[in-house]
Amino acid sequence: MSRSADFSLVEALRSPSFTPAVKEVPALFDLLGRQEANQDDALRDVERALLRVGPPALSAAMTLAETARPPLRARLCRLVGRGDLEGDPGLLRFVLSRLADEDPKTRRNAAIALGRVRPQSENQAPRPEIEAALCQAFQATDRVDHRRSLAASLGKIGSGPALALLRQVRTDDAELRRIAEQAVLTLERTLSREDAPSVLRLDAPLGTELSGLSVALRCREGLEGLLQAEVDEVLGTHAGARATGPGLVRARLVTPPARLFQSRLWLRLGFPLPEERLLPGEETVDAAVRALSSPQALAVLIGFTKGRPRFRLSFAQGGHRRAAVWRIARELGARRPEIINDPTGSLWEAVIRESATGVAIELCPRLPEDPRFVYRRRDVPAASHPTLAAALVRVAGVLPDDVVWDPFAGSGLELCERALRGPLRALHGSDLDPEALAAARENLSALSEVLGENRERAQATLSLGDARHFTPAERPTLILTNPPMGRRVARGGDLAGFLDAFLGHASRVLAPGGRLTWISPLPQRTKERALRAGLEVDHQQEVDMGGFPASIQLFRKRA
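Residues numbered from 1 in each chain as written. Predicted model: local features only at pLDDT ≥ 70, side-chain atom pairs only at ≥ 80, totals over all residues. Heavy atoms only, no water.

J.: Sorry, what's going on with the packing of aromatic side chains here?
T.: Each aromatic ring pair is characterised by the separation of its centres together with the angle its planes make. Taken as a whole and judged by the stated rule, the model has eight aromatic pairs. Judged by centre distance (6.2 Å) and plane angle (50°), the rings of Phe271 and Trp348 are tilted. Here Phe271, found in strand S5 (residues 268-272), pairs with Trp348, found in strand S10 (residues 348-354); they are 77 residues apart in sequence, far enough to count as distant. With respect to class, Phe271 is no different from Trp348; both count as buried. Put simply, the rings of Phe408, Phe498, Phe502 and Trp518 touch in pairs and so form one group of aromatic residues. The ring centre of Phe138 lies 4.2 Å from the NZ or CZ of Arg147, which sits over that ring. In this structure, Arg372 packs its charged tip against the face of Trp266, placed 3.7 Å from the ring centre. (Phe/Tyr/Trp six-rings, centres within 6.5 Å; stacked < 30°, edge-to-face > 60°. Helix = DSSP H or I, 4+ residues; strand = E, 2+ residues; numbered from the N terminus. Buried < 20%, exposed > 50% of the residue type's maximum accessible area, 1.4 Å probe, protein only. Lys NZ or Arg CZ within 6 Å of the ring centre and 35° of its normal.)

Okay, here's the thing in C-alpha cells:
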C-alpha cells in the first residue's frame, strides 16, 4: 500500500474508517506507548486502527507485551482483550496469563476483558477455565482495586463457584461491597432461569385476591372513547371501563386478563398498584420497595405467573437510574425472595411513576409477541400501527356486503383488521410501491391462517396504482386508509394538493351511501374539500400520531 508524500499517520487515525498497513503496526505501537494517560480519545483511535489490521496486529501485541513496560503493557493487554477471546484460544491464553501480571493496570484490563467473553449459552459460563482463573485471582490478591474488577467480571460470566465465593466477601471497602452485592444478585437471577423457568398465565382463573383488580389499558391519545366502548363489549359494562386520562382507560378485572386480548385498540396492558406516599425523609426507592413487596403486587405477579415471577424495573420519566434499580433489587430480594429482578429473562415490567408526594407502580406483562397481531409478518416504512388500523375499522363500522378499498395499502394492516372484524364481500388494495404490496400480500396470507374456516375474508386483489387515478374492479362501499403524511409524500411536497386530488377522485369512485374512513393531517382543509366533493361528515376526532396530531374522519357519500 503506497501513501502520498503528505500522509500523516496521526491525522489518518482520526478517521474511523482508516485501516493501516501491516508495516505500520510498529509505528502504531509506538504511538500507543507515547500517549498520555488522560488522552483517551487518542488511545481509542490507535486501538481502533490496530483492531482493523486484525490477527497480525494482535499477534504482534502479544509478542511485544512480553518485554513491554507499563503503561504500554496494560494497553497491549486491553487491545488483545478486545479481540475474539471466545474464538481464538491463543488470545484467551494470553489474557488469562495477565491476571497474575505484576502491573496492577494490566491485571485490571485482563479481568475486564474476561468479563466480556460471550457465554456459550444463556445460563452457562463461557468456559470453566475463565471462571476458575478469575476465582483463583480473587482469592490470591488483597488489593481492593483488583478485587473490584474481578468481582465485576465474575458477576457477568460466573456460575455456582463464583456465586459461592462472592457471597463470602467481607470488606470495609464500600465500592467493593457494592460490586460484590450486584454480582451476587446478577448471578442468582441468571442461574435461577435454568432452575425454574417461568411463563405467563394470563388465562388463570381469578381468585378472591385478584377479582375486581384494577387494570390499566394505554392507547394513543384520542382513542380513549373508542377503547372504552370496546372494553365494554369485551368485559361487559359491569367492569366499569372509563377513560381516566390522556391515552388511559381503566376497568375492573372481572375475567382472566387474557380476555382483554379481544380488544384491539390498546397498546399496553398493566395492573396499577396503589400509590405509595413518601414518608418524611424517604426517597423514591423506599416507596418503590414498599409497593413492590405489597400483598397486591405479590398477588398479581404470582397469580399470573407459572414458576418464579421475574420482573424488570423502568422509570416512566426515562433514564437508566442504575443505582436506584440495584438498591430496589437488593432490598426487594431480601424482603420477597419469591420474586426476582431480572432484566434479561423478565416476564413483567414494573413501571415506576414518580411525583412530589409518592410513587405509583404499574405491573405490565411482557409478551414475546402480541397474540392479537400475529399476522403482522412484514412491515414497510411509515406503515400504520395495527391498533390505529383497528381504530379506523371501528369508526367505519362493519357491513357484511362491504367492498373495501385501501388506496394507500402499505403493508395491508387496514385490510387485515377489516377482515378480522367480520364478513365482507371483497378486499382491494393499491399502492405505488411494489415492496409495500409484497408486504401486504405476505401479511394477508398469514391472516388466512388465523381466520381458519373464514380464510376467504383475507383474499384480496392487490394492484399497483396511484390513489388519485386508480379505480378498483368493483365499486367500493368503504374506502379505508391511512394516507401519506408529510415526508411520505414524494410528489413535489404538496401534501394539501395531493389530498385534495385524492378526495375528489374518491368521491367519484365511492358507491352511493358508501363511507370513506381515513386519517387526515389537515382535518379542516380535508373536511371542507370533502363537503365540496359531495361527501357528508359523520365523525371526526383528533388522534396522536406519535408526535403530531391528525384526525380520524368518517365521510359518507349521499345516497
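J.: Would you take a moment to explain the nonpolar core for this structure?
T.: Within soluble globular proteins, side chains that are nonpolar tend to cluster in buried spots. Counting 88 residues, the largest nonpolar core has Leu292, Phe304, Trp348, Ile361 and Leu363 as its most contacted members. Top element by residues in this core is helix H16 (residues 386-396). It accounts for eight residues. Every residue in contact with Leu292, bar those within four places of it in the chain, is listed here: Ala297, Leu298, Phe311, Leu313, Ile328, Leu332, Ile339, Ala350, Ile361 and Leu363. In this structure, Leu28, Leu91, Leu92 and Phe94 belong to the second largest nonpolar core, which totals 58 residues. (Core = buried A, V, L, I, M, F, W, Y, C linked by side-chain atoms within 4.5 Å. Contact = heavy atoms within 4.5 Å.)

J.: Just to check I follow, could you spell out the sheet that holds strand S17 (residues 535-544) for this structure?
T.: Strand pairing in a sheet relies on backbone hydrogen bonds. The paired strands run either parallel or antiparallel. As summarised here, the arrangement of the seven strands in space is S14-S13-S12-S15-S16-S18-S17, forming an open sheet in which the pairing is mixed. The outermost strands of the open sheet, each flanked by one partner alone, are strand S14 (460-464) and S17. Ignoring which end each strand starts from, the neighbouring axes of this sheet average 20° apart. In this sheet, strand S18 (residues 549-557) lies alongside S17 in antiparallel orientation, the contact comprising nine bridges. (Pairing = 2+ DSSP bridges. Axes fitted to C-alpha atoms, helices over the stretch in contact; angles between N-to-C directions.)

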